[in-house]
Amino acid sequence: MDLASLIAAERREIADVLDGLSDQQWDAPSLCAGWRVREVAAHMSMGFRYSVPQVIGQLVRARGSLHRMTDRLARRDAASAGPDQLANWLRDNARHPWTPPVGGLVSALGHDVVHGLDITVALGLERQVPMDRLRVLLDHVTYRSAKFFGADLAGVRLCADDMDWSFGVGTPLTGSAQDLLLVAFGRHVPAGRLKGGAGPRT
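Notes on the structure in this doc start here. Treat the numbers as computed from the prediction; the structure is a model and nothing was measured.

**Here's the deal with the layout of surface pockets**
Within this model, the largest pocket holds a volume of roughly 1700 Å³. Around the largest pocket, the lining comprises 42 residues; the ones closest to its centre are H43, L66, H111, F148 and F149. When contributions to the lining of the largest pocket are tallied by element, the ones reaching two or more residues are α4 (46-49), α5 (52-61), α6 (66-80), α8 (104-123) and α10 (143-148). If one sorts the elements of the lining of the largest pocket by residue count, α8 sits on top with 6 residues. Among the residues forming the lining of the largest pocket, the class breakdown is 24 nonpolar, 15 polar and 3 charged.

**Quick notes on unusual backbone geometry**
Unlike most non-glycine residues, R63 shows phi in positive territory, near 55°. By the element assignment, R63 lies in the loop between α5 and α6. Under the relative-accessibility criterion, R63 is labelled exposed at 65%.

What counts as what
Residues numbered from 1 in each chain as written. Predicted model: local features only at pLDDT ≥ 70, side-chain atom pairs only at ≥ 80, totals over all residues. Heavy atoms only, no water. 1 Å grid on protein atoms, 1.4 Å probe; cavity = no way out; pocket = protein on both sides within 12 Å on 5 of 7 lines; lining within 4 Å. Points joined across faces, edges and corners; volume = space filled by probe spheres on them. Helix = DSSP H or I, 4+ residues; strand = E, 2+ residues; numbered from the N terminus. Nonpolar A, V, L, I, M, F, W, Y, C, P; charged D, E, K, R; others polar. Buried < 20%, exposed > 50% of the residue type's maximum accessible area, 1.4 Å probe, protein only.

Structure (structure tokens):
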């Protein structure tokens, strides 16, 4: 599977979504706690816009806290860039080879897909992530990866109702593949979209 092409397609499609947002939607809360849509959009392109030495310098300034660094940069960049620029940073860098520190291209795809869902799900937009992209990411879900993103999947079995996929052992939690991906990435899915037990602890 050509992961680079999947990543490029995802970035272009999210850029198209951003092009259609109103001012009110840009300032609406996302699924990322404390971030509006514009902060998420700014964060999505951070890896393209900051060199490794710049990132290291920013990390030192944040006293070694990756969370503090990314939060500060997202807020600063969202405040200085307009909607067109935020969208074009993704579109113009669709083929950028950036990957997170671990996980390679799969993690880069996950970064784009999940943050895209942070925007579209929070806004109630009816975008469906293509199943080939979801399959790649769901097939890489582990207890360790879920814990990294703040989700405790112990005692929960995630069961997709729109593809042949499940993960875990325990009380079934059923929903769409993309909603379950959000669960595995530590997000709170809007009420009524999942069926089953209480869900994971986040």
